Amino acid sequence: MLHQAKTTVLCGKPLDFATLGDIGTGRVRPVADDGGMERVAAAHKVVADRVAMGLPVYGSNTGVGSMKDRLWTADDLAEFNNALVRAHHFGTGEFFAPAIVRMAIAIRVNTAMRGHTGCSPDLIRAFLALLEADIIPAVRRHGSMGCADIGLMGQIASVLTGVGEAYYQGRLVTAETALSEAGLKPFIMQPRDALAALSVNAISFAAAVNVLREAASAIRVLLVTGVMSSQALGASADPWRVAATLSTRGEAVVGSWLYGQSGISDWPVPTAIHDPLSLRMTAQVFGAVVDTLLVAAGRLVEQTYLSDDNPVVIGGQVHSSGASLPLTTTLYIEAAQIAFSHAARNVLNRCILLANGGRRNLSVNLVAPGEVATGLGPLMKLAVELYMRVQSLAVPLSAQSIVVAGGLEEEATFLPLIVERMETQVRDLRQLAAIEAMLSAQAIDLVGDQPQGIVKRAYDQTRSVSAIYLKDRPLSKEIEALQAAFTCHDLLRSFVASAPMPEFDDFFALDK
């Protein structure tokens, strides 16, 4: 039970990443603002009055989709609204993490607080009661085109009515069991409640919040391994100073950070007058990633308080709406996916430079002096595949054509699938970071550097998992162990604390 947890008030204002993260983990429990509940009640009265007069309100006393012209009688409304929820419990696949479901419920409640949804105050109370009791609906991932998560939200709404599955006290049980053991009764949907519980993108938004924060974490680690490899290669820090002074926002932020790290350690004398582009342009590549992530995340925060319902209540009237298509947010998230492919290529190029040898008299394949070994060169095969995996998932999906529901639904964003693909990109980027760290640590040992600052932290973490490479050995488990080590949030917090990038770190709450 979470009734003793700290609370945060949902009042229809934007929810930042820190707040959403606290809600997702259960550290805080959301409660409804009194003023927001008054707005919810006022909007519901508009819908209820219209329904009482026998006037059609889409999805309240009419069917949905191809059945939009079917008007239900007053005697049928309770049965119709409860059945509407259950008809949209059709998701399949793996379950979303409970944290995402908690965030989704909070987003649904928060967007209703502005008084445009038209649902009953009882629906809001029922949603919040689930979180207070820590009943987390089990939501399977597949079932949304990204134009209202109807097949996903239907799995949450069904639990309210006592149907479906939920996590309760560490167990996956039936919704009926969870509600009964928590002392709650199944909720009876009033007109407008069913569609208000279904026809929003709250799951997509919550999953996107989660993956963007994970992506931000992965990029911060890649920046560290980038400094590590750049030092091992004897790269010039001058281009980073230029980026910090003369570039656009993201490039300037990254350039300033990179140049600052080069000043902390005993940076080697550059080994070339003009470095390869993958060294000179690290600030440009990762600056673009930082910029696209911040923009995408900013649009996502806006979605946490703006109503994406259909219909909506404005000025005492009910209006049909197209706000269930979150295209702007989706396009920016897709832009971040494209930026990830550039980051992956940049990391790959540095890894190849390390393995090729030559710079600072490094040996080919980073073979230790006097040893008979093939060395780390074969790792490039894996690095190239990881790059291609990230690249292959960067192709935009949102413009794909699809027509369902008798031609009434011909727009979609496929945001849940885009989020799922980004999760894979992030995983592969983390493995690239592990490979770059392994190669960089080997190069640092071969040239005899004594790393300092953030590079020393990364070097020590690498060597705690992966010893210096002398004789040829299997590396599969070692790479995966390194990936896990660099995914550890305690390590990320230490990176953030010792080498902060406030504009980025604070937005994504990376120190939490």
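So, here's what we can say about the structure. Everything numeric in this text was worked out from a predicted model, so none of it was measured.

Attention shifts here to the side chain of Ser199. Mapped onto the elements of the fold, Ser199 is located in the loop between helix 8 (193-198) and helix 9 (202-233). If we ignore the near neighbours within four places in the chain, the residues touching Ser199 are Ala148, Ile150, Asp308 and Asp309.

Summarising the element assignment, Ala196 is placed in helix 8. A sequence separation of 69 residues divides Ala196 from Ser265, and the C-alpha atoms of the two residues are 56 Å apart. Aside from chain neighbours lying at most four places away, what touches Ala196 is Arg108, Thr117, Cys119, Leu123 and Asp309.

Here the focus is the pairing of strand 6 (residues 165-168). With burial as the criterion, only one face of strand 6 is covered, namely that bearing Ala166 and Tyr168; the residues Glu165 and Tyr167 on the opposite face remain uncovered. Pairing analysis gives two bridges linking strand 4 (residues 136-137) to strand 6, with the strands arranged antiparallel. Residue pairing for strand 6: Pro137 is matched across the bridge by Ala166. Where strand 6 folds back onto strand 7 (residues 171-174) in an antiparallel hairpin, the turn is made up of two residues, including Gln169, whose phi is positive at roughly 50°.

The subject of this paragraph is the packing of helix 2 (residues 34-52) against helix 5 (residues 121-133). Interaxial distance between helix 2 and helix 5 falls to 8 Å at its minimum, and their mutual angle equals 135°. Considering the angle they form, helix 2 stands oblique to helix 5. Here Met37, Val40, Ala41 and His44 of helix 2 come into contact with helix 5, specifically with Pro121, Ile124 and Arg125.

Sheet strands pair via backbone hydrogen bonds, and the direction of the pair is either parallel or antiparallel. Reading across from one edge, 4-6-7 is the order of the three strands in this open sheet, with antiparallel pairing throughout. Strands with a single pairing partner mark the edges of an open sheet, and in this sheet they are strand 4 and strand 7. Where strand 6 and strand 7 come together, four bridges link them in antiparallel fashion. The partner of Glu165 across the bridge, within strand 7, is Thr174.

Another point: helix 15 (residues 379-392). Relative to the 20 Å expected for 14 residues at 1.5 Å per residue, helix 15 spans 20 Å between its end C-alpha atoms, a close match to the ideal helical length. Those residues of helix 15 not exposed but buried are Leu379, Met380, Ala383, Leu386, Tyr387 and Val390. For helix 15, the arc enclosing every buried residue in end-on projection is 120°, short of the 170-degree limit, so these residues lie on one face. Where helix 15 is buried, its residues contact helix 14 (327-356), helix 16 (415-447) and helix 18 (476-487).

Let us now look at the pattern of salt bridges. Enumeration according to the criterion identifies 27 salt bridges in this entry. For the salt bridge of Asp122 with Arg125, the shortest nitrogen-to-oxygen distance reads 2.7 Å. Residue Asp122 and its partner Arg125 are both found in helix 5; the two are separated by three residues, about one turn of the helix. With a relative accessible area of 49%, Arg125 lands in the partly exposed category. In this structure, Glu385 engages Arg389 in a salt bridge whose closest nitrogen and oxygen atoms are separated by 2.9 Å. One end of the pair, Glu385, and the other, Arg389, are both in helix 15, four residues apart, so they sit about a helical turn from each other. Because the salt bridges share partners, they merge into one network encompassing Asp22, Arg27 and Lys512.

In this structure the tally under the stated criterion is six aromatic pairs. A ring pair is formed by Phe17 and Phe508, whose centres lie 5.1 Å apart and whose planes are at 75°; its orientation type is edge-to-face. You can see Phe17 sitting in helix 1 (residues 17-25) and its partner Phe508 sitting in the segment after helix 20 (502-507), a full 491 residues away along the chain. With 5.4 Å between their ring centres and 70° between their planes, Phe507 and Phe508 make a pair best called edge-to-face.

About the criteria used
- Residues numbered from 1 in each chain as written.
- Predicted model: local features only at pLDDT ≥ 70, side-chain atom pairs only at ≥ 80, totals over all residues.
- Heavy atoms only, no water.
- Helix = DSSP H or I, 4+ residues; strand = E, 2+ residues; numbered from the N terminus.
- Contact = heavy atoms within 4.5 Å.
- Buried < 20%, exposed > 50% of the residue type's maximum accessible area, 1.4 Å probe, protein only.
- Pairing = 2+ DSSP bridges.
- Axes fitted to C-alpha atoms, helices over the stretch in contact; angles between N-to-C directions.
- Parallel < 35°, antiparallel > 145°, perpendicular 65-115°, else oblique.
- Expected span 1.5 Å × (residues − 1).
- Arc of directions from axis to C-beta.
- Salt bridge = Lys/Arg side-chain N within 4 Å of Asp/Glu carboxyl O.
- Phe/Tyr/Trp six-rings, centres within 6.5 Å; stacked < 30°, edge-to-face > 60°.

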